[in-house]
Amino acid sequence: GAVVSQHPSRVICKSGTSVKIECRSLDFQATTMFWYRQFPKKSLMLMATSNEGSKATYEQGVEKDKFLINHASLTLSTLTVTSAHPEDSSFYICSAHDPAGVFEQYFGPGTRLTVT
Amino acid sequence: RKEVEQDPGPFNVPEGATVAFNCTYSNSASQSFFWYRQDCRKEPKLLMSVYSSGNEDGRFTAQLNRASQYISLLIRDSKLSDSATYLCVVNRDNNAGNMLTFGGGTRLMVKP
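Counting restarts for each chain: residues are numbered from 1 in the order of the written sequence. Working convention: letters from A go to chains and numbers from 1 go to ligands, in the order in which they are written. The model is predicted, so local features are restricted to residues of pLDDT at least 70 and side-chain atom pairs to those at 80 or more, both for listing and for counting; the totals for chains, interfaces and linings are taken over all residues. The side-chain values count all of the structure's non-hydrogen atoms but skip hydrogen atoms and water molecules.

**Quick look at the environment of P44 of chain B**
What counts here: Runs of H or I in DSSP of at least four residues are treated as helices and runs of E of at least two as strands, each being numbered from the N terminus. Type-normalised accessible area, obtained with a 1.4 Å probe on protein chains alone, sets the label of each residue: buried when under 20%, exposed when over 50%, and partly exposed for intermediate values. Contacts are assigned to residue pairs with any non-hydrogen atoms lying within 4.5 Å of each other.
On the secondary structure map, P44 of chain B appears in the loop between β4 (33-38) and β5 (45-50). For P44 of chain B, a relative accessible area of 2% corresponds to the buried category. Spatially, the C-alpha atoms of P44 of chain B and L100 of chain B are 12 Å apart, while their sequence positions differ by 56 residues. With residues up to four places along the chain from it excluded, the contact list for P44 of chain B reads L44, I93 and F107 of chain A together with Y36, R37, Q38 and L87 of chain B.

**A few points about the environment of C94 of chain A**
Residue and element names in this part refer to chain A. When you line up the elements, C94 lands in strand β9 (residues 90-97). Classification of C94 as buried rests on a relative accessible area of 0%. For the pair C94 and Q38, spaced 56 residues apart in sequence, the C-alpha separation works out to 11 Å. The residues contacting C94, other than those within four sequence positions of it, are V4, S5, Q6, C23, F34, W35, Y106, F107 and G108.

**Thoughts on unusual backbone geometry**
Omega for the bond connecting H7 of chain A with P8 of chain A falls within 30 degrees of zero, at 0 degrees, which places this linkage in the cis form. On the secondary structure map, P8 of chain A appears in the loop between β1 (4-7) and β2 (10-13). That bond from G9 of chain B to P10 of chain B is cis: its omega, 10 degrees, falls within 30 degrees of zero. Inspection of the secondary structure assignment puts P10 of chain B in the loop between β1 (4-6) and β2 (11-14). Residues other than glycine seldom take positive phi values, yet R41 of chain B does so here, at roughly 65 degrees. Note on R41 of chain B: relative accessible area 54%, which makes it exposed. Phi at D77 of chain B takes a positive value of approximately 50 degrees, unusual for a residue other than glycine. Among the structural elements, D77 of chain B can be located in the loop between β8 (70-75) and β9 (84-91).

**A few points about the packing of aromatic side chains**
Put simply, the rule is: A pair of Phe, Tyr and Trp rings is counted when the ring centres sit within 6.5 Å of each other, with Trp represented by its six-membered ring. The angle between the planes then sorts it: under 30 degrees is stacked, over 60 is edge-to-face, the rest tilted. A ring is scored as having a charge over it whenever the NZ atom of a lysine or the CZ atom of an arginine sits within 6 Å of its centre and within 35 degrees of its normal.
Scanning the entire structure with this criterion turns up 11 aromatic pairs over all chains. Between the aromatic rings of F34 of chain B and Y36 of chain B, the centroid separation amounts to 6.4 Å while the plane-to-plane angle is 65 degrees, which identifies the pairing as edge-to-face. Judged by its relative accessible area of 1%, Y36 of chain B is buried. Ring pairs connect the aromatic residues Y36 and F107 of chain A together with F34, Y36 and F102 of chain B, which therefore count as one cluster. Geometry around F67 of chain A places K66 of chain A over its ring, the cationic atom sitting 5.9 Å from the centre. Of note, R112 of chain A hangs over the ring of F91 of chain A, and the distance from its end group to the ring centre comes to 4.4 Å.

Structure below.
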């Protein structure tokens, strides 16, 4: 199946700093990527839809100025958590839509962010 | 009301047991349905799509009832390796195409 990678897999940062997470589709071109957040023992919550070459679409309640998304190429989307706070500590997962499959998404391995 | 609802469990079953999970969804316009499996601290992985006529993949059988907006997953002859959280997933609406909404997940623990 299609492969999606994320980097870094784990990051610890101090409050007030910014963290960038990369999501790459390795063997297909993804015009659309999705960013999710998952808190412990909770389900995935969609944060935003990342569209190549255009602005991301954010879900209600997600601050676009805090979670900056850039989808500059067909294989790379980045999520930057700006001015991170401890409550931003979570598991961030990206997924990419494979155009060859109508509704299927492939997930990256996730990035565990801890803000101290 | 949540868009996709599941019993969180946990379901504790012995090896070899048959276990069934249910899921209901609120958006009648939803067009595609999936079961994903998520292991602890890992990303979700597609287990199977769910088709209107029902479908089977080895020990796993998925059913869809559009009238009741209800999806099920049946696991036969449970293995220890089936222990995971099972996520019921629907696409949000036909126009959105590939936007997925996740249920809260049902945790399964298979014991020796």
